Amino acid sequence: MTARGFTTIENQLITLKDGTRLAARIWMPDEAESDPVPAVFEFLPYRKRDGTCLRDESTYPVFAAAGIAGVRVDIRGSGESDGVIDGEYTELELANACELIAWIAAQPWSNGSVGMMGISWGGFNSLQVAALRPPALKAVISIASTVDRYNDDIHYKNGCHLSAQLSWAATMLGYQSRSPDPALVGARWKEMWLERLEHEPFFMEEWLSHQRRDGFWQHGSISEDFSKVEIPALVIAGWADGYRNTPLMAVEGLGDKAKALIGPWVHKYPHFAWPKPRTDFHGEAIAWWNKWLRGEDNGIDRLPQTRAYILDAIRPAPRRDFDPGFWIAKDSWSKPEMQCFCVEQFGKLTEGMPIPQAPEHAVYLRSPLDTGTSSGEYFTLKPDAEMALDQRSDDAGSLTFETVPLACDHDYLGRPVLTLALRTLARTGNLCARLVDVHPDGTATRVTFGVINLTHRDGNAEPEALTSGEKVSIRLELDACGYRFRKGHRIRLAISTAYWPMILPPPEDAGVEIDIASLGLGLPLLGAHEKIAIPEPENPDPLPKYIEHAPGVTKRQVLKDLSANRTDYRIHEDTGLFEHPDTGLSTRQLREEVWSITPGAPLSMTGISTWTCDMRRPDWFVRTVATAKIACTASDWIISAVVTAYEGEVQVFEKVFAEMRIPRDLM
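Since the structure is predicted, the reported quantities are computational estimates derived from the model, not experimental observations. Note that residues are indexed from 1 along each chain, following the sequence as it is written. Where local features are concerned, this predicted model is filtered to residues with pLDDT of at least 70; where side-chain atom pairs are given and counted, the filter is 80 or more; whole-chain, interface and lining totals use all residues. Only hydrogens and water are set aside when side-chain values are computed; all heavy atoms of the structure are taken into account.

(A) View of unusual backbone geometry. The omega angle of the peptide bond from tryptophan 274 to proline 275 is -15°, so this bond is cis rather than trans. Helix and strand assignments come from DSSP, with helices taken as H or I runs of at least 4 residues and strands as E runs of at least 2, each series counted from the N terminus. Topologically, proline 275 is positioned in the loop between strand E10 (258-263) and helix H10 (281-294). For the bond from lysine 276 to proline 277, the omega torsion is 10°, close enough to zero to count as cis. Of note, the phi angle at alanine 144 is positive, near 50°, even though the residue is not glycine. Along the chain, the position of alanine 144 falls in the loop between strand E6 (137-143) and strand E7 (156-157). Partly exposed residues are those whose accessible area sits between 20% and 50% of the maximum for their type, while under 20% is buried and over 50% is exposed, using a 1.4 Å probe and protein chains only. Under the relative-accessibility criterion, alanine 144 is labelled buried at 3%. With phi around 55°, asparagine 158 is a residue other than glycine that occupies positive phi space. Mapping asparagine 158 onto the fold places it in the loop between E7 and strand E8 (160-161).

In structure tokens:
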């Protein structure tokens, strides 16, 4: 492919119909002056100038050199865009996206065909905008996203309250409180900054007002009606990320319109993600855009419907740079055949179905409330302790069943399913199930997991309290996995009533009685497939280099105060101070987070997350500090937040989101 020249437009202002000006960074192929080109659009609140510039500069120049314009736009209230953000994936945001697509298509340099792309927020809204069918949008690439905002995002999971909800609320307070760059917007930077600080919302207040899967979460969930998406979608995720379910759900819902790609990765683009192996995302994306935005017959539409990396006997480690495994392809995806396991008389996990009408064999389980400290983050950004660690410490607080050493390799791809019957004396309760690979030396690797709020046993829209002592049936679908259990290893099922701090405890801690005679575990067989090779990037280090003034530091600690009977989970994430060599702008973000609990006392749970964001040049410095807190009573969630801003050493703003009590909705 011949590389073309291009020009970068650092700050193109696009005026919407309501008069709001949104700021775009555009990579424009030189050929567009005489021969219109297609464009790829990305729409985010993460700041093109200093937030996503590293990854943008690894990709959009490559697209532009291939004759594809890149248009990276900041959502209102972000970066150099006017206004104030009004929430996640709101009707206004999606309407603005449609308007921007029409603007791009109408430009003299455009051939009228637009693609939309993104990871996380940008992957979400790419699918959501596709469902709105703007005429010029011809295809999307969605990475680390969701089709179900309630069950596969950062707020709730099968009715369980994710601690990541507080983390993300604090993150967005910190991100949205940052100033535009005076070098781009001039003297009005401070006016714009103070407007944001005054009016930015504390997202968690809205999220906690919707604790069940209601219309708030149905909005933007394309799983509500997959038929609304009529254009091709390449859907990508990593097994190490919280959004691992989406590619398979997309091909099941969208059929031939979707292609799924799942690698071993954390929450990053696959050309620079960890753990390796990586893929040639640039080459595949360019072929995707050339097919759907130019009409080039390059065969990309004939890719297998599903490609996945099957992890092979992974070992947990403080850092995982490479995960062994192999790539497979399935020309068409269908629900896999399940290999069924049950618990035999002596507690072994053995192949077969539970015996109907078998005598009840009740086992009482009440996990310590700090069970789960080896769970890692819900969504991971680095291949370190953000990923699940050795599971033996969490297994100690769990009810476990395992096979004998396997006589041959067992390969799986899809979503395991656990069924069982239980009873409890409480009105509420949580349950977590983990599928674990037990190595011959005892090392325990988490393959996948699932959680359920037991009041959501019949669905997430209308939860129903448990009746004391009444036996209920539970079906729990675990997250998707692609995994090989090797000969000589054992398959372990670990069940716990706590998974902290990933999910927050219910108000009661009565434990459950599980009828292990009823327990059935279905594991999705890999089935017919083709082993394939997927090209890796030519450039093994594609991210640009910035000037380091202070290095980044990461610490994760679990502190048990044995005298006070209290456990703290502490996170310290410092990005370091780095300067963009072209703009002279230096930035740094610091996250400090502490979760605390007393085992046996669910109402003792507290969380506090603080983000400090610095921006500086030699003659200019601003800082914002955003802190969000959560505690609880038996009846209420208690949340609060504060944002403070400094210009130089002088405090110029403070806003307190006073303590709010939001009733717990069977959660």
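What follows picks up the thread again.
(B) A look at the pattern of salt bridges. Any Lys or Arg side-chain nitrogen located within 4 Å of an Asp or Glu carboxyl oxygen qualifies as a salt bridge. Taken as a whole, this structure holds 60 salt bridges when the rule is applied. For aspartate 152, the salt bridge goes to lysine 157, with nearest N and O atoms at 3.9 Å. Under the relative-accessibility criterion, aspartate 152 is labelled buried at 3%. Where glutamate 224 meets arginine 213, a salt bridge forms, and the shortest distance between an N and an O atom there is 2.6 Å. Taken as a pair, glutamate 224 in the loop between helix H8 (215-218) and strand E9 (233-238) and arginine 213 in the loop between helix H7 (203-208) and H8 lie far apart in primary sequence, 11 residues in all. You can call arginine 213 buried: its relative accessible area is 13%. Here the residues in one salt-bridge network are Glu377, Lys382, Asp384, Glu386, Arg556, Glu573, Arg591 and Glu593, joined through shared partners.

(C) Quick peek at the nonpolar core. Among the nonpolar cores identified, the biggest contains 190 residues, and Phe41, Ile141, Phe202, Trp289 and Ile495 are the most heavily contacted of them. With eight residues, helix H4 (residues 164-176) is the single largest residue contributor to this core. Residues contacting isoleucine 141, with those up to four places away along its chain left out, are Met116, Met117, Gly118, Ser126, Leu234, Ile236, Phe281, Ala285, Trp288 and Trp289. Buried residues of nine kinds, namely Ala, Val, Leu, Ile, Met, Phe, Trp, Tyr and Cys, make up a nonpolar core once their side-chain atoms join them within 4.5 Å. Whether two residues touch is decided by their heavy atoms; if any such pair falls within 4.5 Å, the residues are in contact.

(D) Molecular detail of helix H3 (residues 121-130). In terms of burial, H3 is largely enclosed, as 10 of its 10 residues are buried. Among the residues making up H3, those that are buried are Trp121, Gly122, Gly123, Phe124, Asn125, Ser126, Leu127, Gln128, Val129 and Ala130.

(E) Structural view of the side chain of arginine 49. Counting through the fold element by element, arginine 49 comes out in the loop between strand E3 (37-44) and helix H1 (53-65). There is a polar contact of 2.8 Å between the side chain of arginine 49 and the side chain of aspartate 181. The residues touching arginine 49, leaving out its near neighbours within four places in the chain, are Glu10, Glu80, Asp181, Ala183, Leu184, Thr583, Leu585 and Arg617. Here a polar contact is recorded for every N or O atom pair within 3.5 Å, except that within protein the pair must consist of a potential hydrogen donor and a potential acceptor, and residues adjacent in sequence are included only if both atoms are side-chain atoms.

(F) How the structure looks around the pairing of strand E32 (residues 620-632). Two strands qualify as a pair provided DSSP detects at least 2 bridges between them. In this structure, strand E31 (residues 601-617) lies alongside E32, joined through 11 bridges in antiparallel fashion. In the sheet register, serine 609 faces E32, and the bridge partner there is alanine 628. Here E31 folds back onto E32, and the loop between the two strands holds two residues. The pairing of E32 with strand E33 (residues 636-647) spans 11 bridges and is classified as antiparallel. Directly across from cysteine 632, in E33, lies its bridge partner tryptophan 637. Hairpin connection of E32 to E33: three residues between the antiparallel strands.

(G) Representation of empty space enclosed by the protein. Using a 1 Å grid laid over the protein atoms alone, points where a 1.4 Å probe fits but cannot get out form a cavity; open sets with protein on both sides within 12 Å along at least 5 of 7 lines form a pocket; any residue with an atom within 4 Å of a point counts as lining. Grid points are joined across faces, edges and corners, and a volume is the space filled by probe spheres set on the points. Under the criterion given, the structure shown has eight cavities of 30 Å³ or more. Space inside the largest cavity adds up to approximately 280 Å³. Trp239, Ala240, Arg320, Arg446 and Val447 are the residues nearest the centre of the largest cavity, which is lined by 25 residues in total. Secondary-structure elements contributing two or more residues to the lining of the largest cavity are strand E20 (444-453) and strand E22 (481-485). Take the lining of the largest cavity: its biggest share by element is five residues, from E20. Each residue belonging to the lining of the largest cavity can be placed in one class, and the counts come to 14 nonpolar, five polar and six charged. Of the volumes computed, that of the second largest cavity is approximately 120 Å³. Lining the second largest cavity are 15 residues, and of these Ser163, Gly376, Glu377, Pro501 and Met502 sit closest to its centre. Gly counts as polar in this scheme, as do all residues outside two lists: the nonpolar Ala, Val, Leu, Ile, Met, Phe, Trp, Tyr, Cys and Pro, and the charged Asp, Glu, Lys and Arg.

(H) Region of interest: the packing of aromatic side chains. Only the six-membered ring of Trp is used, alongside the rings of Phe and Tyr, when aromatic pairs are assigned; centres must lie within 6.5 Å, and planes under 30 degrees apart are stacked while those over 60 apart are edge-to-face, with the rest tilted. This model, assessed by the stated rule, comprises 28 aromatic pairs. Seen in terms of ring centroids, tyrosine 89 and tryptophan 121 are 4.8 Å apart; in terms of plane orientation they differ by 55°. Their pairing is tilted. Here tryptophan 121 lies in helix H3 and tyrosine 89 lies in the loop between strand E4 (69-74) and helix H2 (91-106), a separation of 32 residues in the sequence. Judged on exposure class, the residue tyrosine 89 and its partner tryptophan 121 are both buried. Centroid distance tyrosine 309 to tryptophan 327: 5.1 Å. Interplanar angle 65°. Geometry classified as edge-to-face. On the criterion of sequence distance, the pair formed by tyrosine 309 in strand E11 (residues 306-312) and tryptophan 327 in strand E12 (residues 325-330) is long-range, its members being 18 residues apart. A network of ring pairs unites the aromatic residues Tyr46, Tyr89, Trp121, Phe124, Trp168, Tyr175, Tyr243, Tyr378, Phe379 and Trp611 as a single cluster. Above the face of the phenylalanine 216 ring, arginine 149 is positioned so that its terminal group lies 5.4 Å from the ring centre. A cation sits over an aromatic face here: lysine 531 above phenylalanine 326, 4.3 Å from the ring centre. Placement of a charge over a ring requires the Lys NZ or Arg CZ to be within 6 Å of the ring centre, with the centre-to-atom vector within 35 degrees of the ring normal.

(I) Inspection of the sheet that holds strand E19 (residues 430-438) at higher detail. Strand order in the open sheet formed by four strands is E16-E23-E19-E20, and the pairing between neighbours is antiparallel. Sheet topology places strand E16 (399-402) and E20 at the edges, where each strand pairs with a single neighbour. When strand polarity is set aside, the average angle formed by the axes of neighbouring strands in this sheet is 15°. By the bridge criterion, seven bridges tie E19 to strand E23 (residues 490-496) in an arrangement that is antiparallel. Bridging from a neighbouring strand, valine 438 pairs with arginine 490 of E23. Angular values range over 0 to 180 degrees, each being the angle between N-to-C directions of two axes fitted as lines to C-alpha atoms, with helices fitted over their stretch in contact.

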